[in-house]
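Next come the chains, spelled out residue by residue.
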Number of protein chains: 2
Amino acid sequence: MIEKANKLEVCFSPIQFPLFETDNKIVVVTDILRATTVITTMFMNGVKQVLPVRFIEQAKEMKQKGMIVVAERDGKKLDFADFGNSPYYFTRDVVEGKSLVYSTTNGTHALTLGVNSKQVLVGCFLNLSSVAEYLKELKTDVLILCAGWKDKFSLEDSLYAGALSQKLLKGNGFFTKCDSANASIDLWEKAEKDLDSYLEKVAQKHRLQKLGLHDVIPYCFEQDKTRIIPYMEFSKDGNSALIKQR
Amino acid sequence: MIEKANKLEVCFSPIQFPLFETDNKIVVVTDILRATTVITTMFMNGVKQVLPVRFIEQAKEMKQKGMIVVAERDGKKLDFADFGNSPYYFTRDVVEGKSLVYSTTNGTHALTLGVNSKQVLVGCFLNLSSVAEYLKELKTDVLILCAGWKDKFSLEDSLYAGALSQKLLKGNGFFTKCDSANASIDLWEKAEKDLDSYLEKVAQKHRLQKLGLHDVIPYCFEQDKTRIIPYMEFSKDGNSALIKQR
């Protein structure tokens, strides 16, 4: 018996997300530098749950209510927040058993877009193989959503999309007719040969460098540090969400 | 004296166009399969001018007024139109000295987006070097706009963006910090090594194949067949446009 292969697509920008049918798909959201890497790190270090919050005002309100708030815009920590957006801040002693509020430039918005899809997963290089294996087990169509930079294309997210697509297309479980998926694989195949020098092209690397925050970059491209897959849990009305761990 | 290099950016989809500042830029619009290739071919064969029209109803009206109408949606010629969208239709005996009305799925909309930019050029592989040389002379910032497929990313337009970017970045005239520009160059560098087999990945190739219209594809990737650069001439109110030849 031949099993029907599942469809794989890649969306390069949140602004294009509404162009894709996602009701019966799993959406893997990625924001390599840095949101999905940071969220995964939080769970690796035992965070209980993360509340992604799109708007700064919401994050402020939650701070006033006494919650721990991580908030960043254009790479920089917001004044009122407890933490900026480096994965290095969220060690076990800081996050274990805690609930964190989280708001960033691109990632937290992208994470909420798949509210009507089957499931939204948090993907990054740290859990690359784990996500790939889980998706292969589930036998569902998949859309990889790149958080990008302010609705523009971003290389680092596309590289992840390529790395994950490459894994999914090995074997017969998935097929793609999606130009973005094919492009992302080509970009990843080129980049992975010499990742360090390839990353010189990445605009977000230079943005972080200007802010003195580029020490996180090698870590953000480390593969398979964990089996943990954070996922989105939406409220019934779809107006709020939590990130939990499966 | 060091001349200031000009900025080069690539926009992968019309839906992202408003994210770019374009007031002081030249916009090069490309829709390789097939609008910008077809328009360039029309001018190579002596067309007087082309009226790009976004909506089918407008094209119908113009047909009723007795004009020659080229109109296609999803690759197929519309019933009321005189011609579909193959470059092979527009031989010299058909188009010389004539005005044509032109409406396609992606290209005609993309062509009008740069109404507030300095200039909008029609780019394709047929006039690749000519466009590159003209842009180098002008010393203006450039945005290459890919028409894409229904606001999604398309490989063939990105390949052209890469080919043109590669030419522009040779020498000191242009620089880029744009992830899409860098990605497009990598894609082109991979594709040009064996273009025929690379094109197997292109979704639009398969769409055209299904319609029996894929005989045009090799032609659409032929480089430097002409020095002609069609450009957009917008009315003062910006509500209508003509394509002319420089």
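Residues numbered from 1 in each chain as written. Chains lettered and ligands numbered in written order. Predicted model: local features only at pLDDT ≥ 70, side-chain atom pairs only at ≥ 80, totals over all residues. Heavy atoms only, no water.

(A) Representation of the relation of the copies chain B and chain A within the structure. Of the two same-sequence chains, chain B is brought onto chain A (RMSD 0.0 Å, axial shift 0.0 Å) by a rotation of 180°. The superposition operator between the copies reduces to a two-fold rotation axis. (Least-squares fit on C-alpha atoms with pLDDT ≥ 70 in both.)

(B) Up close: a positive patch on the surface. Residues Lys4, Lys7 and Lys177 of chain A together with Lys210 of chain B make up a contiguous surface patch of positive charge. A residue is classified by how much of its surface remains accessible, and Lys210 of chain B, at 76% relative accessible area, is exposed. (Patch = residues over 30% accessible without salt bridge, like charges linked within 9 Å, V, L, I, M, F, W, Y side chains within 5 Å. Areas by Shrake-Rupley, 256 points an atom, 1.4 Å probe, with all protein chains shown as cover. Salt bridge = Lys/Arg side-chain N within 4 Å of Asp/Glu carboxyl O. Lys, Arg positive; Asp, Glu negative; His and termini not counted. Charge placed at Lys NZ, Arg CZ, Asp CG, Glu CD. Buried < 20%, exposed > 50% of the residue type's maximum accessible area, 1.4 Å probe, protein only.)

(C) Focus on the interface of chain B and chain A. Each side of the interface is counted separately: chain B has 27 residues, and chain A has 27 residues. Connecting chain B to chain A are six salt bridges. The partner of Lys201 of chain A in a salt bridge is Asp186 of chain B, and the shortest N-O contact between them spans 2.7 Å. Where chain B meets chain A, there are 16 residue pairs in polar contact (both at pLDDT 80 or more). Elements with a minimum of two residues in the side of chain B that touches chain A: α6 (155-169) and α7 (179-192) of chain B. The dominant element in the side of chain B that touches chain A, judged by the number of residues it contributes, is α7 of chain B, at eight residues. Tallied by class, residues from the side of chain B that touches chain A come to 11 nonpolar, five polar and 11 charged. (Contact = heavy atoms within 4.5 Å. Polar contact = N/O pair within 3.5 Å; in protein donor to acceptor, adjacent residues only side chain to side chain. Helix = DSSP H or I, 4+ residues; strand = E, 2+ residues; numbered from the N terminus. Nonpolar A, V, L, I, M, F, W, Y, C, P; charged D, E, K, R; others polar.)

(D) Inspection of the confidence of the model for chain A at higher detail. Looking at chain A as a whole, its pLDDT mean stands at 95, while 99% of the residues score no less than 70. Complex prediction metrics read pTM 0.96 and ipTM 0.94. (pLDDT = per-residue confidence, 0-100.)

(E) View of the pairing of strand β1 (residues 6-11) of chain B. Residue and element names in this part refer to chain B. Burial analysis of β1 places five of its six residues in the buried class, which makes it a mostly covered element. By the bridge criterion, two bridges tie β1 to strand β9 (residues 174-175) in an arrangement that is parallel. Across the sheet, residue Lys7 finds its bridge partner in β9, namely Phe175. Relative to strand β8 (residues 141-146), β1 runs parallel, the two sharing four bridges. Residue pairing for β8: Leu8 is matched across the bridge by Val142. (Pairing = 2+ DSSP bridges.)

(F) Inspection of the packing of helix α5 (residues 128-138) of chain A against helix α6 (residues 155-169) of chain A at higher detail. Residues and elements named next belong to chain A. For the pair α5 and α6, the least separation of the axes is 9 Å and the interaxial angle reads 45°. Taken together, the axes of α5 and α6 lie oblique to each other. By crossing handedness, the relation of α5 to α6 is classed as right-handed. Every residue of α6 that contacts α5 at Leu128, Ser129, Val131, Ala132, Leu135 and Lys136 is listed here: Tyr160, Ala163, Leu164, Lys167 and Leu168. Split by residue class, the contact of α5 with α6 holds eight nonpolar, one polar and two charged. (Axes fitted to C-alpha atoms, helices over the stretch in contact; angles between N-to-C directions. Parallel < 35°, antiparallel > 145°, perpendicular 65-115°, else oblique. Left-handed = near helix turned anticlockwise from the far one by under 90°.)

(G) Summary view of α6 of chain A. Residues and elements named next belong to chain A. Between its terminal C-alpha atoms α6 stretches 21 Å, which fits the 21 Å expected from 15 residues at 1.5 Å a residue. With respect to burial, α6 is a largely interior element, 13 of its 15 residues being buried. Once α6 finishes, Gly171 follows within two positions and takes phi at roughly 85°, a positive value. (Expected span 1.5 Å × (residues − 1).)

(H) Structural detail: the side chain of Ser158 of chain B. Residues and elements named next belong to chain B. Tracing the backbone shows Ser158 in helix α6. Under the relative-accessibility criterion, Ser158 is labelled buried at 0%. Side-chain polar atoms of Ser158 contact the backbone oxygen of Ser154, separated by 2.7 Å. Sequence-distant contacts of Ser158, that is, excluding residues within four places in its chain, are made with Phe12, Cys146, Phe153, Ser184 and Leu187.

(I) Just the packing of α6 of chain A against helix α7 (residues 179-192) of chain A, in detail. All names here are of chain A. Contact geometry of α6 with α7 gives a least axis separation of 7 Å together with a crossing angle of 100°. With respect to each other, α6 and α7 are oriented roughly perpendicular. Seen from α6, the contacting residues are Leu155, Ser158, Leu159, Ala161, Gly162, Ala163, Ser165, Gln166 and Leu169; seen from α7, they are Ala181, Ser184, Ile185, Leu187, Trp188, Glu189, Ala191 and Glu192. Across the contact of α6 with α7, the residue classes break down as 10 nonpolar, five polar and two charged.

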